[in-house]
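# Observations on the model geometry
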Number of protein chains: 2
Amino acid sequence: MVQYRANSSIDRVTSAISDPTRRAILERLARGPGRISDVAKPFAMSLTGFCKHVRVLERAGLVRRTRRGRDNTLKLSPQPLREVAHWILKYEQFWNARLDRLEQFFASHKEKSR
Amino acid sequence: MVQYRANSSIDRVTSAISDPTRRAILERLARGPGRISDVAKPFAMSLTGFCKHVRVLERAGLVRRTRRGRDNTLKLSPQPLREVAHWILKYEQFWNARLDRLEQFFASHKEKSR
């Protein structure tokens, strides 16, 4: 039987970053923390719609929200991406192997055409 | 206005790997290609359910299916993960920066307690 954990952190994180708006929010917060209304401004959607995306990012642990009275500040929390990077980079050997084979193919082809 | 591409390859790939069954299929295929019925066997689900997951992986370009008569062979195609790795590794500096700060904190704490 194949063993796997359901509903793990990696599930929530990959699902959170599968949306272009949410990736754009993370890219904005990589430039520094910001008040939620300021961060939301350039996005072509209602504040309610924007906050739904923020909640998905919060549940994945990718964004932290600090409440100070009426001010809500958003801050990037990129650590959960680490586990995803770790999982993906196990496959790096496969795409590298393929690139190596392509290189060899073109090298031998060049050799023959001389 | 924030610029982003909707429904890009990165959307499909991150969404495809957000499910533990689909990650387990990729992990199985990393050990080598296999006939769909053989690959499906250890998974606790119907072949129909399994094939739905395979189709999501195919649409993301992560799995290739070769049809030879009645035999369907599945093969890993990890290249689309590259773009996701590239996107995630932009954030590596942030989690490294945090680890550096933690290290500095513990180093200075150790220094003071001597």
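My aim in this report is to walk through the structure given alongside it, one point at a time.

Now for the overall build of chain A. When helices and strands are tallied, chain A shows six helices and three strands. Mapped in sequence order, the helices and strands of chain A form the string α-α-β-α-α-β-β-α-α. In chain A, buried positions account for 40% of the 114 residues. In chain A, of all internal contacts separated by at least 6 residues, the share reaching a separation of at least 24 is 53%. Carbon together with sulfur atoms contributes 49% to the accessible area of chain A, which is approximately 7,100 Å² in total.

On to the sheet that holds strand E1 (residues 34-35) of chain B. All names here are of chain B. Spatially, the three strands line up as an open sheet ordered E1-E3-E2, and their pairing is antiparallel. The strands lining the two open edges of the sheet, one partner per strand, are E1 and strand E2 (63-68). Where E1 and strand E3 (residues 71-76) come together, two bridges link them in antiparallel fashion. Bridging across to E3, arginine 35 finds its partner in threonine 73. Running over the sheet, helix H4 (residues 47-59) touches E2 and E3 and is turned about 115° from E2.

This part takes up the pairing of E2 of chain B. For E2 of chain B and E3 of chain B, the ladder comprises six bridges, and the chain directions are antiparallel. The residue bridging arginine 68 of chain B from the neighbouring strand is aspartate 71 of chain B, located in E3 of chain B.

The next point concerns the side chain of serine 77 of chain B. Among the structural elements, serine 77 of chain B can be located in the loop between E3 and helix H5 (81-89). In this structure the side chain of serine 77 of chain B is engaged in a polar contact, spanning 2.7 Å, whose partner is the backbone oxygen of glycine 61 of chain B.

Reading the values: the criteria
- Every chain is numbered on its own, with residues counted from 1 as its sequence reads.
- The lettering of chains begins at A and the numbering of ligands begins at 1, in the order of writing.
- Two thresholds apply to this predicted model, a pLDDT of at least 70 for residue-level local features and 80 or more for giving and counting side-chain atom pairs, whereas whole-chain, interface and lining totals are computed over all residues.
- Derived side-chain values reflect all non-hydrogen atoms in the structure, with water molecules and hydrogen atoms excluded from consideration.
- Each helix corresponds to a stretch of at least 4 residues labelled H or I by DSSP, and each strand to a stretch of at least 2 residues labelled E; elements are numbered beginning at the N terminus.
- In this scheme, a residue with accessible area under 20% of its type's maximum is buried, one over 50% is exposed, and one in between is partly exposed, where area comes from a 1.4 Å probe on protein chains only.
- We call two residues contacting when some pair of their heavy atoms lies within 4.5 Å.
- Residue burial considers only the protein chains on display, and all accessible areas are found by Shrake-Rupley using a 1.4 Å probe.
- Following DSSP output, two strands are said to pair if at least two bridges run between them.
- Note on geometry: axes are C-alpha line fits, over the in-contact stretch for helices, and angles between N-to-C directions span 0 to 180 degrees.
- Distance and chemistry together define a polar contact, namely a pair of N or O atoms within 3.5 Å, with one atom able to donate a hydrogen and the other to accept it when in protein, and with adjacent residues in sequence counting only for side-chain atoms on both sides.

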